[in-house]
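Fold and contact review
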Amino acid sequence: MKRAEDVALSLLLLVLVAPAILLIALLIKIDSRGPVFFRQERYGFNNQRIMVCKFRSMHHEPHPDPSVPQARRNDPRLTRLGAILRRTSLDELPQLFNVLSGDMSLVGPRPHATAHNEKYARLINGYLGRHRMKPGITGWAQVNGCRGETETIDQMRQRLALDLHYIANWSLLLDLRILLITIPVVIRGTNAY
């Protein structure tokens, strides 16, 4: 049921946002040098590595920092357009292709950069339990205030608790509820930078 939901809704969303995807790609090329898309290895279902695709929102770094510093408020790495894309979560639109390919779901625990994933797996017992489900573009943690930078281990513990609650209580109705709640969360832009 979840896979059918993902395919049907992501196809519908891609049709609806196709003009926006093309416009954003063009604007990224005009705004700064570098590729339109940013690809990053992350962990997916059963701790398998996947490549997550986003619109590039930061200045292109030919040799990025392997520690993958999290984006923060007023981050100097952001391009002018990138700041808008991140605040509105439009940088996430290419992940609809990750959903169609089966690497991600529309709703699930957000995939973290591999360096962050490995760090928190060492620091928090049960952290890898969040990989018992495909990662999502949005999730229960994000619509409950755990979106954006995690400055403390307690913030990550809170996010993990919400992710595990979602996995234990998954239903089609819960997914639809999260998708609907995501809209005002994105409009408010809280912790999105």
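Notes on the structure in this doc start here. (Residues numbered from 1 in each chain as written. Predicted model: local features only at pLDDT ≥ 70, side-chain atom pairs only at ≥ 80, totals over all residues. Heavy atoms only, no water.)

**A short note on the overall build of the protein**
A count of helices and strands for the protein gives 7 helices and 4 strands. Taken along the three principal axes of its C-alpha coordinates, the protein extends 45 × 35 × 30 Å. Residues counted as buried form 47% of the 193 residues belonging to the protein. Across the protein, every contact between residues at least 6 apart in sequence was considered, and the portion connecting residues at least 24 apart equals 71%. If you sum the accessible surface of the protein, you get close to 10300 Å²; carbon and sulfur atoms cover 62% of it. (Helix = DSSP H or I, 4+ residues; strand = E, 2+ residues; numbered from the N terminus. Buried < 20%, exposed > 50% of the residue type's maximum accessible area, 1.4 Å probe, protein only. Contact = heavy atoms within 4.5 Å. Areas by Shrake-Rupley, 256 points an atom, 1.4 Å probe, with all protein chains shown as cover.)

**Overview of the side chain of glutamine 142**
Here glutamine 142 is to be found in helix 5 (residues 140–143). Non-local contacts of glutamine 142, meaning those with residues more than four positions away in its chain, are made with Arg110, Arg147, Arg159 and Val185.

**A look at the pairing of strand 2 (residues 49–55)**
In terms of burial, strand 2 is largely enclosed, as 5 of its 7 residues are buried. Strand direction decides the pairing type here: strand 1 (residues 37–43) and strand 2, joined by 7 bridges, are antiparallel. Bridged to tyrosine 43 within strand 2 is arginine 49. Counting the residues in the hairpin turn of strand 1 and strand 2 gives 5 residues, including asparagine 46, whose phi is positive at 60°. (Pairing = 2+ DSSP bridges.)

The quantities given are spatial measurements derived from coordinates; they are silent on function.
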